[in-house]
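Residue-level listing of the chains:
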Amino acid sequence: QVHLVESGGGLVEAGGSLRLSCVVSGRTFSDFAMGWFRQTPGKERKFVAAISREGGSTFYVESVQGRFTISRDNAKNTVYLQMNSLRPEDTATYSCAGDLKLTGPAPVATEYDYWGQGTQVTVSS
């Protein structure tokens with residue numbers, strides 16, 4: 001059974017940084033393409049960043065380009081989201097997602113079969 005567990009969320013002031021982690025268990029991690037999505041109450045889940053199986057290809061939503069970096073350590077079964085220069089509008093629940101069919105980064109939530117429970121990120125102004 002596949003499990004995804006996020007950590008690293010919290011409360012930070014605008015301009016600050018956080019690093020989210022997502023540990024995957026149950027299958028060979030390098031078989032998964034991975035993504036990060038975020039959601040605020042009452043709104044649909046939105047794409048943030050994605051990474052290919054071996055980490056050689058990444059893709060970001062325009063609003064986080066230059067501020068966020070997605071990376072992965074296949075030896076540690078972990079995908080990361082380094083978030084710098086955080087803004088109040090980045091406040092959301094962040095979830096990692098994985099899929100065994102994808103090879104490259106994918107920005108569409110419905111393409112991912114596996115999801116974590118989410119971690120809250122709150123950015124104060």
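One can find the structure itself at the top, above this paragraph.
Residues numbered from 1 in each chain as written. Predicted model: local features only at pLDDT ≥ 70, side-chain atom pairs only at ≥ 80, totals over all residues. Heavy atoms only, no water.

Undergrad: Sorry if this is basic, but what is going on with the sheet that holds strand 1 (residues 3-7) here?
TA: The strand order 1-3-8-7 describes an open sheet built from 4 strands, whose pairing is antiparallel. Either end of the sheet is taken by a strand with one partner, and the two such strands are strand 1 and strand 7 (68-73). With strand direction ignored, the average angle separating the axes of adjacent strands in the sheet is 15°. Relative to strand 8 (residues 78-83), strand 7 runs antiparallel, the two being bridged by 6 bridges. Of the residues in strand 8, the one forming a bridge with Ile-70 is Leu-81. (Pairing = 2+ DSSP bridges. Helix = DSSP H or I, 4+ residues; strand = E, 2+ residues; numbered from the N terminus. Axes fitted to C-alpha atoms, helices over the stretch in contact; angles between N-to-C directions.)

Undergrad: In this structure, what is going on with the environment of Gln-120? I would like to understand it.
TA: By the secondary structure assignment, Gln-120 is in strand 11 (residues 119-124). Taking the C-alpha atoms as reference points, Gln-120 and Ala-33, 87 residues apart in sequence, are found 23 Å from one another. Among all residues touching Gln-120, those that are not within four sequence positions of it are Gly-9, Gly-10, Thr-91, Ala-92 and Thr-93. Within the structure, the side chain of Gln-120 is placed 3.4 Å from the backbone oxygen of Ala-92, a separation counted as a polar contact. (Contact = heavy atoms within 4.5 Å. Polar contact = N/O pair within 3.5 Å; in protein donor to acceptor, adjacent residues only side chain to side chain.)

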